[in-house]
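# Observations on chain architecture
Below, each chain spelled out in residue letters.
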Amino acid sequence: MKRFTSSLKRAATLPLALAATLLLASCGGGDPFAGLWTGSLEGNRQARTIMLGDGSYYMLYTRAGTSLTGGFIRGQGDFHGARITSTDARDYNWEGRRTRPATLEAKLSPRQSVSGTVGGTVPFELSYQKEFDYDAQLALLAGAFKGQVAFVGGYRNATFTVSPTGALSTDIDGCLITGTVSPRADGNAYDLTITFGGGVCVFPHVSFTGVALFGGEDKRLDAAVVNPAFLGGQGIAFTGFR
(Lines give C-alpha, C1' and ligand atoms only; values in the text may rest on other atoms or scores of the structure.)
Protein backbone atom coordinates (compact mmCIF):
# COMPACT_ATOMS: atom_id res chain seq x y z
CA MET A 1 0.00 0.00 0.00
CA LYS A 2 2.75 2.45 0.95
CA ARG A 3 4.67 1.82 -2.25
CA PHE A 4 1.56 2.14 -4.42
CA THR A 5 0.40 5.39 -2.84
CA SER A 6 3.84 7.01 -2.90
CA SER A 7 4.41 6.01 -6.53
CA LEU A 8 1.23 7.73 -7.63
CA LYS A 9 2.00 10.78 -5.51
CA ARG A 10 5.47 11.13 -7.06
CA ALA A 11 3.93 10.87 -10.51
CA ALA A 12 1.45 13.63 -9.58
CA THR A 13 -1.36 11.31 -10.46
CA LEU A 14 -4.00 9.64 -8.37
CA PRO A 15 -3.63 7.31 -5.44
CA LEU A 16 -5.15 3.93 -6.42
CA ALA A 17 -7.37 3.74 -9.44
CA LEU A 18 -10.21 1.36 -10.19
CA ALA A 19 -11.14 -1.98 -8.73
CA ALA A 20 -10.72 -4.20 -11.62
CA THR A 21 -12.51 -2.76 -14.59
CA LEU A 22 -10.31 -1.11 -17.23
CA LEU A 23 -11.95 0.35 -20.27
CA LEU A 24 -9.47 1.20 -22.97
CA ALA A 25 -10.62 1.67 -26.53
CA SER A 26 -9.86 3.25 -29.84
CA CYS A 27 -12.21 5.64 -31.59
CA GLY A 28 -15.25 4.34 -33.39
CA GLY A 29 -17.83 1.68 -32.66
CA GLY A 30 -17.14 -2.01 -33.20
CA ASP A 31 -13.43 -1.63 -32.62
CA PRO A 32 -11.39 -4.63 -31.46
CA PHE A 33 -10.45 -3.12 -28.11
CA ALA A 34 -13.92 -2.38 -26.75
CA GLY A 35 -15.16 -4.78 -24.09
CA LEU A 36 -14.12 -6.21 -20.75
CA TRP A 37 -10.50 -6.70 -19.70
CA THR A 38 -9.51 -8.29 -16.39
CA GLY A 39 -6.22 -8.80 -14.59
CA SER A 40 -4.13 -7.09 -11.96
CA LEU A 41 -2.85 -3.68 -10.91
CA GLU A 42 0.57 -3.57 -9.22
CA GLY A 43 0.40 -7.34 -8.94
CA ASN A 44 -1.75 -7.46 -5.78
CA ARG A 45 -4.93 -5.66 -6.84
CA GLN A 46 -7.61 -7.17 -9.02
CA ALA A 47 -8.44 -5.01 -12.03
CA ARG A 48 -11.59 -5.06 -14.11
CA THR A 49 -11.70 -2.58 -16.99
CA ILE A 50 -14.54 -1.61 -19.27
CA MET A 51 -13.29 -0.21 -22.55
CA LEU A 52 -15.70 1.59 -24.86
CA GLY A 53 -15.63 2.18 -28.59
CA ASP A 54 -15.41 5.98 -28.20
CA GLY A 55 -12.07 5.68 -26.39
CA SER A 56 -13.40 6.14 -22.86
CA TYR A 57 -12.63 3.64 -20.14
CA TYR A 58 -13.40 2.77 -16.52
CA MET A 59 -10.72 0.84 -14.65
CA LEU A 60 -11.98 -0.59 -11.37
CA TYR A 61 -9.46 -1.87 -8.88
CA THR A 62 -9.59 -3.54 -5.48
CA ARG A 63 -7.81 -2.78 -2.24
CA ALA A 64 -4.47 -4.55 -2.06
CA GLY A 65 -4.88 -8.26 -1.36
CA THR A 66 -8.66 -8.11 -1.05
CA SER A 67 -11.78 -8.29 -3.21
CA LEU A 68 -13.14 -4.96 -1.89
CA THR A 69 -13.32 -2.19 -4.47
CA GLY A 70 -10.76 0.51 -3.73
CA GLY A 71 -11.77 2.93 -6.48
CA PHE A 72 -11.62 3.39 -10.22
CA ILE A 73 -9.95 5.44 -12.93
CA ARG A 74 -12.04 7.09 -15.59
CA GLY A 75 -10.48 8.68 -18.67
CA GLN A 76 -10.36 9.07 -22.43
CA GLY A 77 -7.83 7.10 -24.44
CA ASP A 78 -5.86 8.39 -27.43
CA PHE A 79 -5.14 5.41 -29.67
CA HIS A 80 -2.16 5.24 -32.03
CA GLY A 81 -1.28 1.91 -33.62
CA ALA A 82 -0.91 -0.63 -30.85
CA ARG A 83 -0.56 1.95 -28.06
CA ILE A 84 -2.98 4.03 -26.05
CA THR A 85 -2.31 7.05 -23.86
CA SER A 86 -4.65 8.84 -21.48
CA THR A 87 -3.64 12.13 -19.89
CA ASP A 88 -7.05 13.44 -18.79
CA ALA A 89 -8.02 10.61 -16.43
CA ARG A 90 -9.23 11.02 -12.85
CA ASP A 91 -8.80 8.51 -10.05
CA TYR A 92 -11.83 8.22 -7.78
CA ASN A 93 -10.06 6.62 -4.85
CA TRP A 94 -11.88 5.63 -1.65
CA GLU A 95 -8.89 4.42 0.30
CA GLY A 96 -7.43 7.92 0.36
CA ARG A 97 -10.91 9.50 0.22
CA ARG A 98 -9.99 11.83 -2.60
CA THR A 99 -10.05 12.35 -6.34
CA ARG A 100 -6.85 13.10 -8.26
CA PRO A 101 -5.66 13.53 -11.85
CA ALA A 102 -4.19 10.41 -13.43
CA THR A 103 -2.26 9.33 -16.50
CA LEU A 104 -2.22 5.97 -18.20
CA GLU A 105 -0.07 4.42 -20.92
CA ALA A 106 -0.53 0.96 -22.41
CA LYS A 107 0.37 -1.42 -25.19
CA LEU A 108 -2.54 -3.36 -26.67
CA SER A 109 -2.98 -6.59 -28.59
CA PRO A 110 -6.52 -6.62 -30.06
CA ARG A 111 -8.81 -8.95 -28.11
CA GLN A 112 -5.81 -10.49 -26.35
CA SER A 113 -3.93 -8.43 -23.78
CA VAL A 114 -3.20 -4.95 -22.44
CA SER A 115 -0.13 -4.00 -20.43
CA GLY A 116 0.95 -0.60 -19.20
CA THR A 117 1.40 1.75 -16.28
CA VAL A 118 -0.57 4.25 -14.23
CA GLY A 119 1.41 7.39 -13.46
CA GLY A 120 4.38 5.93 -15.31
CA THR A 121 5.33 3.64 -12.41
CA VAL A 122 2.42 1.43 -11.32
CA PRO A 123 2.09 -1.59 -13.67
CA PHE A 124 -1.05 -3.38 -14.78
CA GLU A 125 -1.71 -6.48 -16.89
CA LEU A 126 -5.08 -7.30 -18.44
CA SER A 127 -6.58 -10.02 -20.63
CA TYR A 128 -9.60 -9.77 -22.92
CA GLN A 129 -12.81 -11.52 -21.81
CA LYS A 130 -14.66 -12.66 -24.94
CA GLU A 131 -17.73 -13.87 -23.07
CA PHE A 132 -18.81 -10.22 -22.86
CA ASP A 133 -18.80 -9.78 -26.66
CA TYR A 134 -22.51 -10.18 -27.36
CA ASP A 135 -24.68 -7.11 -27.98
CA ALA A 136 -26.35 -5.21 -25.14
CA GLN A 137 -30.07 -5.94 -24.83
CA LEU A 138 -32.44 -4.62 -22.18
CA ALA A 139 -34.42 -7.85 -22.32
CA LEU A 140 -31.32 -9.75 -21.16
CA LEU A 141 -30.35 -7.17 -18.54
CA ALA A 142 -33.75 -6.82 -16.87
CA GLY A 143 -33.90 -8.23 -13.36
CA ALA A 144 -32.64 -7.73 -9.81
CA PHE A 145 -28.91 -7.71 -8.98
CA LYS A 146 -27.81 -8.21 -5.39
CA GLY A 147 -24.40 -6.81 -4.53
CA GLN A 148 -22.39 -4.00 -3.04
CA VAL A 149 -22.06 -0.27 -3.63
CA ALA A 150 -18.66 1.35 -3.01
CA PHE A 151 -18.06 5.08 -2.65
CA VAL A 152 -16.15 7.58 -0.52
CA GLY A 153 -18.45 6.87 2.44
CA GLY A 154 -17.68 3.15 2.49
CA TYR A 155 -19.59 0.04 1.38
CA ARG A 156 -23.31 -0.70 1.38
CA ASN A 157 -25.27 -3.81 0.44
CA ALA A 158 -27.82 -3.03 -2.25
CA THR A 159 -30.13 -4.55 -4.84
CA PHE A 160 -30.27 -2.82 -8.21
CA THR A 161 -33.45 -3.55 -10.16
CA VAL A 162 -33.61 -2.93 -13.91
CA SER A 163 -36.94 -2.97 -15.72
CA PRO A 164 -37.46 -4.23 -19.31
CA THR A 165 -37.69 -0.57 -20.40
CA GLY A 166 -34.38 0.41 -18.80
CA ALA A 167 -35.61 2.05 -15.60
CA LEU A 168 -33.28 1.46 -12.65
CA SER A 169 -34.03 1.71 -8.93
CA THR A 170 -32.46 0.87 -5.60
CA ASP A 171 -32.81 1.77 -1.93
CA ILE A 172 -29.67 2.24 0.16
CA ASP A 173 -30.15 2.91 3.89
CA GLY A 174 -33.52 4.50 3.17
CA CYS A 175 -32.22 6.61 0.28
CA LEU A 176 -34.15 6.06 -2.94
CA ILE A 177 -32.00 6.14 -6.08
CA THR A 178 -33.50 6.04 -9.56
CA GLY A 179 -32.00 6.06 -13.01
CA THR A 180 -32.00 4.89 -16.59
CA VAL A 181 -30.00 2.29 -18.51
CA SER A 182 -29.67 2.31 -22.30
CA PRO A 183 -27.80 -0.16 -24.54
CA ARG A 184 -24.62 0.93 -26.32
CA ALA A 185 -23.53 -0.28 -29.75
CA ASP A 186 -20.01 -1.35 -28.67
CA GLY A 187 -20.27 -4.68 -26.88
CA ASN A 188 -22.45 -5.65 -23.95
CA ALA A 189 -22.20 -2.21 -22.31
CA TYR A 190 -24.90 0.25 -21.25
CA ASP A 191 -24.96 4.00 -20.64
CA LEU A 192 -26.10 4.63 -17.08
CA THR A 193 -27.52 7.67 -15.26
CA ILE A 194 -28.61 7.70 -11.61
CA THR A 195 -30.09 10.41 -9.39
CA PHE A 196 -30.25 10.41 -5.60
CA GLY A 197 -33.42 11.37 -3.79
CA GLY A 198 -33.54 13.81 -0.89
CA GLY A 199 -33.91 13.27 2.84
CA VAL A 200 -31.31 10.85 4.21
CA CYS A 201 -29.39 10.53 0.94
CA VAL A 202 -25.66 11.25 1.20
CA PHE A 203 -25.73 13.05 -2.17
CA PRO A 204 -29.23 14.63 -2.11
CA HIS A 205 -30.66 15.30 -5.58
CA VAL A 206 -27.26 14.81 -7.24
CA SER A 207 -26.99 12.97 -10.58
CA PHE A 208 -24.16 10.72 -11.79
CA THR A 209 -23.42 9.33 -15.25
CA GLY A 210 -21.33 6.38 -16.37
CA VAL A 211 -21.44 2.86 -17.71
CA ALA A 212 -22.64 -0.64 -16.84
CA LEU A 213 -21.40 -3.97 -18.17
CA PHE A 214 -23.38 -7.20 -17.91
CA GLY A 215 -22.52 -10.77 -18.83
CA GLY A 216 -20.67 -13.96 -18.04
CA GLU A 217 -21.91 -17.28 -16.71
CA ASP A 218 -22.40 -15.71 -13.27
CA LYS A 219 -24.65 -12.97 -14.74
CA ARG A 220 -22.56 -10.23 -13.22
CA LEU A 221 -23.33 -6.52 -13.41
CA ASP A 222 -20.50 -3.99 -13.00
CA ALA A 223 -21.32 -0.29 -12.94
CA ALA A 224 -19.31 2.89 -12.41
CA VAL A 225 -20.68 6.45 -12.43
CA VAL A 226 -19.12 9.85 -11.82
CA ASN A 227 -19.97 13.45 -11.08
CA PRO A 228 -16.69 15.31 -11.79
CA ALA A 229 -17.94 18.64 -10.40
CA PHE A 230 -19.64 17.66 -7.13
CA LEU A 231 -17.45 18.06 -4.00
CA GLY A 232 -14.26 18.01 -6.04
CA GLY A 233 -15.34 14.94 -7.99
CA GLN A 234 -17.20 11.86 -6.77
CA GLY A 235 -17.42 8.32 -8.11
CA ILE A 236 -19.62 5.35 -7.25
CA ALA A 237 -19.23 1.67 -8.22
CA PHE A 238 -21.56 -1.30 -7.96
CA THR A 239 -20.99 -5.01 -8.46
CA GLY A 240 -23.91 -7.41 -8.26
CA PHE A 241 -25.19 -10.78 -9.45
CA ARG A 242 -28.62 -11.91 -10.63
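Quick look at the structure, then.

Rules used in this analysis
Residues numbered from 1 in each chain as written. Predicted model: local features only at pLDDT ≥ 70, side-chain atom pairs only at ≥ 80, totals over all residues. Heavy atoms only, no water. Core = buried A, V, L, I, M, F, W, Y, C linked by side-chain atoms within 4.5 Å. Buried < 20%, exposed > 50% of the residue type's maximum accessible area, 1.4 Å probe, protein only. Helix = DSSP H or I, 4+ residues; strand = E, 2+ residues; numbered from the N terminus. Contact = heavy atoms within 4.5 Å. Pairing = 2+ DSSP bridges. Axes fitted to C-alpha atoms, helices over the stretch in contact; angles between N-to-C directions. Phe/Tyr/Trp six-rings, centres within 6.5 Å; stacked < 30°, edge-to-face > 60°.

What follows concerns the nonpolar core. L141, I194, F196 and I236 are the most contacted members of the largest nonpolar core, which has 29 residues in total. Considering each element in turn, this core owes the most residues, four residues, to strand β14 (residues 189–196). The contact partners of I236, leaving out residues within four places of it in the chain, are F72, W94, V149, A150, F151, I194, F196, F203, F208, A223, A224 and V225. One finds A89, V118, F124 and L126 within the second-largest nonpolar core, a separate group that totals 21 residues.

To continue, consider the sheet that holds strand β13 (residues 175–183). Around the barrel, which closes on itself, the eight strands sit in the order β10-β11-β12-β13-β14-β15-β16-β17 with antiparallel pairing between neighbours. If you compare each strand with its neighbour and ignore which way they point, the axes differ by 25 degrees on average. The sheet contact formed by strand β16 (residues 220–227) and strand β17 (residues 234–241) spans eight bridges and is antiparallel. Of the residues in β17, the one forming a bridge with A223 is F238.

Counting through the fold element by element, G75 comes out in strand β4 (residues 69–76). For G75, a relative accessible area of 1% corresponds to the buried category. Linking G75 and D91, residues 16 residues apart in sequence, is a C-alpha distance of 8.8 Å. Setting aside residues up to four positions removed in sequence, G75 forms contacts with G55, S56, Y57, S86, D88 and A89.

What follows is about the packing of aromatic side chains. Applying the stated rule across the entire model yields eleven aromatic pairs. Measuring from centroid to centroid gives 5.6 Å for F145 and F214, while their planes differ by 80 degrees, and the two rings are edge-to-face. Taken together, the residues F145 in strand β10 (residues 143–151) and F214 in strand β15 (residues 207–215) connect sequence positions 69 residues apart. For F214, a relative accessible area of 4% gives the class buried. Look at F203 and F208: their rings are 5.5 Å apart centre to centre, the planes differ by 45 degrees, and that puts the pair in the tilted class. The class for F208 is buried, based on a relative accessible area of 0%.

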